[in-house]
Amino acid sequence: MTEATPSAYTFHPGTAPLLISMPHAGTYVPPELAVRFTEEARQVPDTDWHMPRLYAFARDMGASILCANYSRYVVDQNRPPDGASLYPGQSVTGLCPVDTFYDTPIYAAGDVPDEAEIAARRTAIWQPYHDCLRQELERLRAQHGRVVLWDAHSIRSVVPRFFDGKLPDLNFGTADGKSCDPALAQELLSVAAGDTRYSSVLNGRFKGGHITRHYGAPEAGIHAVQLEMAQCCYMEETLPFAYLETRAREIQPLLHRLLDCALAYARQG
């Protein structure tokens, strides 16, 4: 990789028993790959836009923050390394996606990555992110005894390929109760329900991706929660995907209360 090429991730180590992972916030596509993309795909529309900005307040809470730098179109940090489907029988995108959420091709000439190319991306970009994630979870657990992994995501509120109608504003996923203490999940849902401006659901359409399912180990003191937020809560859902400061400021206090709840639970350990 050249000096102009970013690392696989950006990492801020914190002091509190809370790690916020942002696996889909990256936008970088290497130039040699971008030329193979369609014009639509070069806009990386399926990005979890502005996550670091939305969660910037979490640094002052002492949270560790891990953010992917590469677009999910290059390699998806929230998919299993073998590319297995997280939702068997439903439409999904893979480890190295070949189509967008609009179900349109990413590769203009159809020259999708072969197994060797997928393996190279997995080694160079996917693995370093997960090595950092695992190491930080182990450090925080060793220091605090219990840690909460918060996997931060966002998605357009209407994506017919994946779900009917409009998505609830806040979609909590805990792998149907396997990735964290159900009591924590219920506390979070209660906090969310306390703000009647936003709708919320637990283990609805989104139950948590690979990160939530793989790293969540309540019996070992690691409690993983995914929050999939409807992008209309804080940004424009179409080009240019602008951050809406007023709207974001309205929901940030609720996000703060949710993270406060997660931290309070972790500190009980």
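In the block above lies the structure referred to throughout.
Note that the structure is a prediction, hence the values are computed from the model and not measured. (Residues numbered from 1 in each chain as written. Predicted model: local features only at pLDDT ≥ 70, side-chain atom pairs only at ≥ 80, totals over all residues. Heavy atoms only, no water.)

**Student:** Could you give me a rundown of the side chain of histidine 130, with the residues and numbers involved?
**Tutor:** Relative to the helices and strands, histidine 130 is located in helix H4 (residues 115-144). Among the polar contacts made by the side chain of histidine 130, one reaches the main-chain carbonyl oxygen of glutamine 77 at a distance of 2.8 Å. Beyond its immediate stretch of four places on either side in the chain, histidine 130 contacts Gln77, His210, Ile211 and Tyr215. (Helix = DSSP H or I, 4+ residues; strand = E, 2+ residues; numbered from the N terminus. Polar contact = N/O pair within 3.5 Å; in protein donor to acceptor, adjacent residues only side chain to side chain. Contact = heavy atoms within 4.5 Å.)

**Student:** So what's going on with the packing of aromatic side chains? Residues and values would help.
**Tutor:** Two measures describe an aromatic ring pair: the distance that separates the ring centres and the angle between the ring planes. For the structure shown, the criterion picks out nine aromatic pairs. On the basis of an interplanar angle of 75 degrees and a centroid distance of 6.2 Å, the ring pair of phenylalanine 37 and tyrosine 73 is categorised as edge-to-face. Placement of phenylalanine 37 in the loop between helix H1 (31-34) and helix H2 (39-42) and of tyrosine 73 in the loop between strand S3 (64-68) and H4 is noted, with a sequence separation of 36 residues between them. Comparing phenylalanine 37 with tyrosine 73, the two get one shared label, buried. A connected cluster of aromatic rings, assembled from ring pairs, spans Phe37, Tyr73 and Tyr107. Over the ring of tyrosine 265 we find arginine 146, and its NZ or CZ is 4.2 Å from the ring centre. Directly above the ring of tyrosine 102 sits arginine 156, whose terminal nitrogen or CZ lies 4.2 Å from the centroid. (Phe/Tyr/Trp six-rings, centres within 6.5 Å; stacked < 30°, edge-to-face > 60°. Buried < 20%, exposed > 50% of the residue type's maximum accessible area, 1.4 Å probe, protein only. Lys NZ or Arg CZ within 6 Å of the ring centre and 35° of its normal.)

**Student:** Go over empty space enclosed by the protein, please, and point to the residues and values.
**Tutor:** Counted under the stated rule, the structure contains two cavities of 30 Å³ or more. Space inside the largest cavity adds up to approximately 250 Å³. Around the largest cavity sit 21 residues that line it, and Arg72, Arg79, Tyr87, Phe206 and Glu228 are the ones nearest its centre. Contributions of two or more residues to the lining of the largest cavity are made by strand S4 (147-155) and strand S7 (222-230). Of all the elements, S4 adds the most residues to the lining of the largest cavity, at three residues. Residue composition of the lining of the largest cavity, grouped by class: seven nonpolar, nine polar and five charged. The volume enclosed by the second largest cavity comes to roughly 30 Å³. In terms of lining, the second largest cavity is formed by Pro45, Asp46, Thr47, Asp48, Phe101, Ser154, Ile155, Arg156 and Gln231. (1 Å grid on protein atoms, 1.4 Å probe; cavity = no way out; pocket = protein on both sides within 12 Å on 5 of 7 lines; lining within 4 Å. Points joined across faces, edges and corners; volume = space filled by probe spheres on them. Nonpolar A, V, L, I, M, F, W, Y, C, P; charged D, E, K, R; others polar.)

**Student:** Talk me through the pairing of strand S5 (residues 170-173); I want residue IDs and the actual numbers.
**Tutor:** Alternating positions in S5 separate into two faces, Leu170 and Phe172 on one and Asn171 and Gly173 on the other, with burial throughout. Both S5 and strand S6 (residues 200-202) contribute to a ladder of three bridges, which runs parallel. Bridging from a neighbouring strand, phenylalanine 172 pairs with leucine 202 of S6. As a crossover connection, the stretch from S5 through helix H5 (residues 182-193) into S6 is right-handed. Of the pairings in the sheet, the one linking S5 to S7 comprises four bridges and is antiparallel in character. (Pairing = 2+ DSSP bridges. Right-handed = clockwise from strand over helix to strand, strands pointing away.)

**Student:** Provide a residue-level description of the environment of aspartate 114, including the pertinent values.
**Tutor:** Relative to the helices and strands, aspartate 114 resides in the loop between S3 and H4. Taking the relative accessible area as the measure of exposure, aspartate 114 reaches 46% and is therefore partly exposed. At a separation of 3.2 Å, a polar atom in the side chain of aspartate 114 contacts the main-chain amide nitrogen of alanine 116. From its side chain, aspartate 114 meets the backbone nitrogen of glutamate 117 in a polar contact 2.8 Å long.

**Student:** Can you tell me about the packing of H5 against helix H7 (residues 245-267), naming the residues and giving the values?
**Tutor:** At their nearest, the axes of H5 and H7 sit 10 Å apart, and the two run at 155 degrees to each other. With respect to each other, H5 and H7 are oriented roughly antiparallel. Handedness of the H5/H7 crossing: right-handed. Of H7, the residues touching H5 (which contributes Leu184, Glu187, Leu188, Val191 and Ala192) are Leu254, Arg257, Leu258, Cys261, Ala262 and Tyr265. Class assignment of the residues belonging to the contact of H5 with H7 gives a composition of nine nonpolar, no polar and two charged. (Axes fitted to C-alpha atoms, helices over the stretch in contact; angles between N-to-C directions. Parallel < 35°, antiparallel > 145°, perpendicular 65-115°, else oblique. Left-handed = near helix turned anticlockwise from the far one by under 90°.)

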